[in-house]
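Structural overview for review
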Amino acid sequence: MPIKPPAVAETDLTRARQIVRSLEPLKGLTCEDAEIVARIIASSFAEGRQRGLEIAMDWTADDWQQVRAKGCARNSARIAGE
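Structural notes, computed from the coordinates. Since this is a predicted model, take the numbers as computed values, not measurements.

**Digging into the environment of Arg-39**
- Secondary-structure assignment places Arg-39 in helix H2 (residues 31-58).
- Taking the C-alpha atoms as reference, Arg-39 lies 8.6 Å from Asp-12; in sequence the two are 27 residues apart.
- Residue contacts for Arg-39: discarding those within four places in its chain leaves Leu-13 and Arg-17.

Right under this line is the structure:
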């Protein structure tokens, strides 16, 4: 079965290009090579997002409820500490 590559969003590509421009060792790359590196980085962002969604799809209602409860407790502690 062929592996379907994750969908790369324009925001992934924009962020990846920023990373490529900011890395000193990559400054000597041609425009074409820099774009290849940016697309590889963007692909890793998209793959991470896809994996996160796959994990989230496996969660039960109880798992979600626990996360929400922890998030609410964390936010209330932050407000109380201000």
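**Some thoughts on a nonpolar patch on the surface**
- Together, Ile-55, Trp-59, Trp-64 and Val-67 make up a nonpolar patch on the protein surface, roughly 360 Å² of accessible area in all.
- Along the chain, Val-67 falls in helix H3 (residues 61-81).

**Quick look at the environment of Trp-64**
- Positionally, Trp-64 belongs in helix H3.
- Among the residues examined, Trp-64 registers a relative accessible area of 33% and is labelled partly exposed.
- Excluding its chain neighbours within four sequence positions, the residues that come into contact with Trp-64 are Ala-56 and Trp-59.

**Here we look at helix H1 (residues 10-22)**
- Here H1 contains 13 residues, and its C-alpha end-to-end distance of 19 Å stays within 8% of the 18 Å for a straight helix at 1.5 Å per residue.
- Looking only at H1, the buried set comprises Asp-12, Leu-13, Ala-16, Ile-19 and Val-20. Buried residues along H1 cover an arc of 120° about the axis, so they all sit on one side. Along H1, exposed side chains directed more than 90 degrees from the buried face belong to Glu-10, Thr-11, Arg-21 and Ser-22.
- Check the buried side of H1 and you find it contacts H2.

Calculation notes
Residues numbered from 1 in each chain as written. Predicted model: local features only at pLDDT ≥ 70, side-chain atom pairs only at ≥ 80, totals over all residues. Heavy atoms only, no water. Helix = DSSP H or I, 4+ residues; strand = E, 2+ residues; numbered from the N terminus. Contact = heavy atoms within 4.5 Å. Patch = residues over 30% accessible without salt bridge, like charges linked within 9 Å, V, L, I, M, F, W, Y side chains within 5 Å. Areas by Shrake-Rupley, 256 points an atom, 1.4 Å probe, with all protein chains shown as cover. Salt bridge = Lys/Arg side-chain N within 4 Å of Asp/Glu carboxyl O. Buried < 20%, exposed > 50% of the residue type's maximum accessible area, 1.4 Å probe, protein only. Expected span 1.5 Å × (residues − 1). Arc of directions from axis to C-beta.

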